[in-house]
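Residues per chain are reported as follows:
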Amino acid sequence: MAGEEGVPHDFRVLDRHQVWADGVERLYEQAKERQWDASRDIPWDAGRGVPEALEVALCTVLTWMVQQEFAAWYVPAKFVPRIHPAYLEPVLFLSTQVMDEARHVEVFTKRLFLNGVGFVGSYPATEASLQGLIQQEEFDKASFLLHVLGEGTFLDLFTFLRRVVPDEASRVILVRAHEDEARHVAYGTGRVRVQLQEDPSAIHRFVAALEERLNFARDVSGIPSQIQEALAVLAGGESRGRPFVRGVKEVAAFQKELQANRIQRLTGSGFPEAAARHISHLHAKASGNAM
Ligand SMILES: [Fe+2]
Ligand SMILES: [Fe+2]
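Residues numbered from 1 in each chain as written. Chains lettered and ligands numbered in written order. Predicted model: local features only at pLDDT ≥ 70, side-chain atom pairs only at ≥ 80, totals over all residues. Heavy atoms only, no water.

> Describe in detail the packing of aromatic side chains, supporting the description with residues and values.
With the rule as written, the count across this model stands at 12 aromatic pairs. Between Phe144 and Phe271 the ring centres are 5.6 Å apart and the planes differ by 35°, which places this aromatic pair in the tilted class. Taken together, the residues Phe144 in helix H6 (residues 139–164) and Phe271 in the loop between helix H10 (241–268) and helix H11 (273–287) connect sequence positions 127 residues apart. Look at Phe271 and you get buried, because its relative accessible area is 3%. Each member of the aromatic cluster is reached from another via a ring pair, and the members are Phe70, Trp73 and Tyr74. The ring centre of Phe79 lies 5.4 Å from the NZ or CZ of Arg82, which sits over that ring. (Phe/Tyr/Trp six-rings, centres within 6.5 Å; stacked < 30°, edge-to-face > 60°. Helix = DSSP H or I, 4+ residues; strand = E, 2+ residues; numbered from the N terminus. Buried < 20%, exposed > 50% of the residue type's maximum accessible area, 1.4 Å probe, protein only. Lys NZ or Arg CZ within 6 Å of the ring centre and 35° of its normal.)

As structure tokens, then:
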């Protein structure tokens, strides 16, 4: 706290329009009410006895998702002590996000090891891309990349997975996590709306943030092929034959949907249509993952 040497804090987010979202106090109240427990609230026994091909496909997707949950955990944790405490509600809200993402990492890891499979594969391109997010030093850019683009895509991914996962334990996990992500996205899109109302030229900052990120993710484009394949196995219900081909088609349709939803989310936050399309295209190029 304040001593003779001055205040030993490093507050860098000092303007309301950088951090405020209308209704953030309500989102904070919801976050407190809707906390859940990864040990107690998931019907873990209903996650056993999954056929091996489907279990491996599920663990492949979850491994890739856990990587991204870590990034979603570290980013708000990094900015909490940098936001001026005059903006208490957003700081409180971001603190609930830290807890939410920690729980997502916990619950996905518990599911990964439930039937003895554990982590499957590694995704260095995704890691490189996440580096661009974790190392972002400006809060408005980081929040745009994470809360609007990354978690927006995660929302769609959870909706897709909820339909295709092979067991009830995973389905409940995705329903609960989806609700958490919806709050994070609501904060992010609300925050962008406030910023764009105050300063429409901030659009250029967001485009720049994506371009900076492309430098980290040069070799990446779209969802990694192993993940697309695992999603197709889950969607089709089998790892070969006609069901798998049907799964591949479903995944292709899902990827189109991702793009359309992203554009809608951006225009809903106050972006002109052309800018929304440009940003969506850059994101698809830069991410190579959902975040
Ligand atoms: Fe999450
Ligand atoms: Fe999240």
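On we go.
> Which residues make up the coordination of the iron ion (ligand 2), and what are the values?
For the iron ion (ligand 2), every protein donor is listed as Glu101 (OE), Glu151 (OE), Glu181 (OE) and His184 (ND1), and the spread of their distances is 1.8 to 2.2 Å. Here the iron ion (ligand 2) is ringed by 4 donor atoms whose angles at the metal span 93 to 157°, and the overall shape comes out irregular. Counting along the primary sequence, the residues that act as donors to the iron ion (ligand 2) give the motif E-x49-E-x29-E-x2-H. The distance between the iron ion (ligand 2) and the iron ion (ligand 1) comes to 3.4 Å, and Glu101 binds to both of them. Taken as a pair, Glu151 in helix H6 and His184 in helix H7 (residues 168–198) lie far apart in primary sequence, 33 residues in all. For Glu151, a relative accessible area of 0% gives the class buried. With relative accessibility at 0%, the residue His184 sits in the buried group. (Donors = N, O, S within 2.8 Å, 3.2 Å for Na, K, Ca; no water. Tetrahedral: all angles 85-135°; square planar, octahedral: opposite > 155°, others 65-115°.)

> Before we move on, could you go through the coordination of the iron ion (ligand 1) and cite the residues and values that matter?
For the iron ion (ligand 1), every protein donor is listed as Glu69 (OE), Glu101 (OE), His104 (ND1) and Glu181 (OE), and the spread of their distances is 2.0 to 2.3 Å. Each of the 4 donor atoms bound to the iron ion (ligand 1) contributes to angles spanning 86 to 141°, and the resulting shape is irregular. One chain supplies every donor for the iron ion (ligand 1), spaced along it as E-x31-E-x2-H-x76-E. For Glu181, a relative accessible area of 0% puts it in the buried group.

> I'd love a proper account of the layout of surface pockets, names of residues and values included.
Considering only enclosed or pocket space, the second largest pocket measures out at about 160 Å³ in volume. In terms of lining residues, the second largest pocket is bounded by Asp22, Gly23, Arg26, Leu27, Gln30, Ala186, Thr189, Gly190, Arg193, Val194 and Gln197. At the level of secondary structure, the elements contributing two or more residues to the lining of the second largest pocket comprise helix H2 (24–33) and H7. Ranked by the residues each element gives to the lining of the second largest pocket, the list is headed by H7, at 6 residues. (1 Å grid on protein atoms, 1.4 Å probe; cavity = no way out; pocket = protein on both sides within 12 Å on 5 of 7 lines; lining within 4 Å. Points joined across faces, edges and corners; volume = space filled by probe spheres on them.)

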